[in-house]
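Structure assessment
What follows is the residue order along each chain.
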Amino acid sequence: AEGLHFLTMEFVEGKTLSELIPGKGMPLNRFFERAIPLAEAVSAAHQKGITHRDLKPDNIMVSAGGRLKILDFGLAKLKEDSPGGGRETEIRTEAMRTEAGTILGTVAYMSPEQAEGKPVGPRSDVFSLGIILYEAATGRRPFQGDTKISLISSILRDKPPSVTQLNSGLPRHLGRILKRCLAKDPARRYQNAEELHNELLELKEEIDSGELSPSDATAFALPARKQTRLLYGSLIALSVIAAGMGYLLFRGEKGAGVRGEAPMAAAFSQITDFPGPESFPSLSPDGKAIVYSRMDAGGTWNLYRQRVGGKNPVNLTRDSSADNWQPAFSPDGEWIAFRSSNAGGGIFVMGATGESVRRLTDFGFHPVWSPDGKEILMATEGFTSPRGRSGTSRLYAVNVQDGKTRQVFAGDAVQPSWSPHGQRIAFWGVQEASGQRDLWTVSANGGESVPVTEDPPTDWNPVWSPDGRYLYFSSDRGGSMNLWRVPIEEDSGTVTGPPQPVTTGVSDSAYISISRNGKRIAYATGKRSENLQKVSFDPAAGTVTASPEWITQGSRQFTAPDPSPDGEWITFRSVGKQEDIFVIRADGTGRRQLTNDLHKARRPRWTPDGKRISFYSDRSGSYEIWTIHPDGSELLQITDIPDEGVWWPVWSPDGTRLAYPISDALTSFILDLEPERQDPSPLPPPGEPGAWFNVFSWSPDGKRLAGTYYTPAGSSAGILVYSLESGKYDRLSHEGANPLWLGDSRRVLYSDGGKLFLLDTRSRESRKILSLDPDSLDLSGLSSDYRTLFFSRVSLEADIWVLDLE
């Protein structure tokens, strides 16, 4: 510039990682805050063909805001593609604090091959990362020496102690990860930093979700006075049982606390071990038989009856092509009530061995018998995840003899449980404004509900103890999803003490059934995974043209993908205790988290101009629609309708209007975004009193809205289209939900029963175009050219266990 030659470099303000490592190592949460982005940064270099070759804490800077940067690529080696199969170029400069010579790098953080002067690649960086992470976790390096020669000798020959030996509070899986990083043989290490990054990220997610405890050392001591018989007689089975169902091992005098009661002897048995999921167990009153739901290879749920201790289950619904699940034995053990999708769905009853099937209702989920066997209680809505549902369900009771129904509770309620003496009904539901999942009870004759829990944790799956003195439930209030109980008065629903932890360990143990004498308990334990996929689609033919491709994989659950208008990015949200918004490139790289707090952020969608991402969130105290830039900046609240519960945003094609459903109003609204004053217009009711229209997508020609029809009872019952010109509705089907328009503004795609269907709004013809049995899918987004479909794919593995108490 003006005859002056000069070199500019970025000024990085902050501290080196070496300055931030305490003498005894970092706390686990701070370790992950540093380790995961560090591995991600090195991965970015490896993806560009760069090996750093001098990774050390002094070359890693952390800003005051926590951002991490890797510096000093003075010894980097660049691998460039060439027609001859690739050539390597060494880029080497003199730099302060960098040792250069025949052996390149800083001795204390060298890999064995680097110390011997051999050729190095990404796996050498992985070894150096292992040393850095070992030091960050423990405060000391894995290899020691007073001189460079002795230090090199230690790197080449010594086996360092596991990090868990130096810090027993660290998870043993972290020790496994670092051990693999520090393997002497490069072939036994992670191939590159991306593999290491994924392992660290999954470990953190498993700890955050409660699947692993921070120390990964769940305590479970069986009573010494009686030897417990375990299936397979192995410690593996013991750990599964301890994590999944190490509860209800307490007894004592009335009013005694959990911690002070004497342990009971217990024996465990695994009832099922088939491929795929088995769930919703129900014990016969005498505890000798069990009926449960099992998904077969074709993706259909059937009901099986099995003798406890037997190995030959009998398919009770083998002649049905419908899904049959959620069974419940009658109090006398002679009948089984269950949910079926047959003939549009509803509650059915059959004999205990599968005979005399009859339909009781055309709606309902999770049936439960009254103690006298005269009525069956049910919710109008099912659910796949307690954290993922929104509140629209009601409670009804049906008379088993004459089929007459009565409404028990008009607020949101699912998964009911009748108290043992028939006085009260427990259930869980979603708070309208806050979105909290809490427990309530209500008189069996109806009336006002009485809260059992009123706090942020997710509480669900209430089950009365056989004596009616406790209400057991699942909750993540301890950090992971485990069993709790609360003392309660059955006649009034009055809670007489705080919730008490009963079990600690792995999540996903639920659907409890207890025998009449309280000595045998059945339950399901399993693992649910949900990740994003895309698949090529021919919009003219209306057919899927290839196999689905993964966008995300791993133990963390992601859902609701939506592509940007230019097709380069996908926005989606996480599922779990913390629900946040993310973006990722369409090829699955470059994942970035946009929100990171305990506020729920759901159903993200790009604005039509592709500049922002809209979603609904409870961060203002009630659910409202918000927008955010794809880089995570400028979070803005769009709607301001407190205490109503605004749900997912549906944009008009030109971006000037916004449609959205409101749960409390039982209708959908359209908001014109141009006026400064918000004055949303409600859509008319869709026909029968109490029914409502849950809008989901806007046609490309701007003339019609498509959504889900909900009956007055609160059950989803098909696809509904609203004409903005005529102001009239057109019900196109009696099944399916969440329709998305194709480009012709005539056809829609929708999900039903975990499968994908195409519906013509003129001919009303519908056909299945994609099934992933035994997995299920939920369509969420379409590319702007309608040639790529984006959906979440759900896989479930679950088994039935039985716990016997002395």
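In this section: helix α2 (residues 28–47). When the terminal C-alpha atoms of α2 are compared, their 28 Å separation across 20 residues agrees well with the 28 Å that a helix rising 1.5 Å per residue should span. For α2, the complete set of buried residues consists of L28, F31, F32, R34, A35, I36, L38, A39, V42, S43, A45 and H46. One or two positions beyond α2, positive phi appears at G49, with a value near 80°.

Here S370 shows up in the loop between β18 (365–369) and β19 (375–379). One polar contact links the side chain of S370 to the main-chain amide nitrogen of K374, over a distance of 3.2 Å. S370 has contacts with P331, E375 and W418, leaving out every residue within four places of it along the chain.

Bringing unusual backbone geometry into the picture now. Notably, S356 is not glycine yet its phi reads approximately 55°, a positive angle. Note on placement: S356 falls in the loop between β16 (346–351) and β17 (358–359).

What follows covers the side chain of H197. Along the chain, the position of H197 falls in helix α8 (residues 193–209). When its relative accessible area of 12% is taken as the criterion, H197 is described as buried. Ignoring anything within four residues of it in the chain, the contact list for H197 reads I36, A39 and E40.

What follows is about the environment of S614. Here S614 shows up in strand β39 (residues 613–617). A residue is classified by how much of its surface remains accessible, and S614, at 0% relative accessible area, is buried. When sequence neighbours within four positions are dropped, the list of residues in contact with S614 reads R603, P604, R605, W626, T627, P649 and W651. A polar contact is formed between the side chain of S614 and the side chain of W651, at a distance of 2.8 Å.

Attention shifts here to the environment of I155. In this structure, I155 sits in helix α5 (residues 148–157). Separated by 13 residues in the primary sequence, I155 and P142 place their C-alpha atoms 8.6 Å from one another. The residues contacting I155, other than those within four sequence positions of it, are V107, A108, M110, S111, P112, F127, F143 and K184.

In this section: the confidence of the model for the protein. Across the protein, the average pLDDT comes to 83, with 85% of residues at 70 or higher. Residue range residues 80–102 is modelled with pLDDT below 50. Its contacts to residues more than four positions away, or to other chains, number 43 contacts. Within the model, the stretch residues 215–265 combines pLDDT values under 50 with 105 contacts to residues more than four positions away or in other chains.

Turning to the sheet that holds strand β37 (residues 592–593), a few remarks are in order. Strand order in the open sheet formed by 4 strands is β34-β35-β36-β37, and the pairing between neighbours is antiparallel. Across the chains shown, the open sheet's two edge strands, defined by having one partner strand only, are β34 (557–563) and β37. One ladder, built from 2 bridges, connects strand β36 (residues 581–585) with β37; its direction is antiparallel. Across the sheet, F582 pairs through a bridge with Q593, a residue of β37.

Tallied over the full model, the rule gives 26 aromatic pairs. Geometrically, the ring pair formed by W692 and Y710 is stacked, given 5.1 Å between the ring centres and 25° between the ring planes. With W692 in strand β46 (residues 692–698) and Y710 in strand β47 (residues 704–710), the pair connects residues that are 18 residues apart, well separated along the chain. Put simply, the rings of Y616, Y623, W647, W648, W692, F696 and Y710 pair up and form one aromatic cluster. Seen from the ring of W648, R603 lies directly overhead, with NZ or CZ sitting 5.5 Å from the centre. Sitting above the plane of the W626 ring, R619 keeps its charged end 5.8 Å from the centroid.

Each value, and the rule that gives it
- Residues numbered from 1 in each chain as written.
- Predicted model: local features only at pLDDT ≥ 70, side-chain atom pairs only at ≥ 80, totals over all residues.
- Heavy atoms only, no water.
- Helix = DSSP H or I, 4+ residues; strand = E, 2+ residues; numbered from the N terminus.
- Expected span 1.5 Å × (residues − 1).
- Buried < 20%, exposed > 50% of the residue type's maximum accessible area, 1.4 Å probe, protein only.
- Polar contact = N/O pair within 3.5 Å; in protein donor to acceptor, adjacent residues only side chain to side chain.
- Contact = heavy atoms within 4.5 Å.
- pLDDT = per-residue confidence, 0-100.
- Pairing = 2+ DSSP bridges.
- Phe/Tyr/Trp six-rings, centres within 6.5 Å; stacked < 30°, edge-to-face > 60°.
- Lys NZ or Arg CZ within 6 Å of the ring centre and 35° of its normal.

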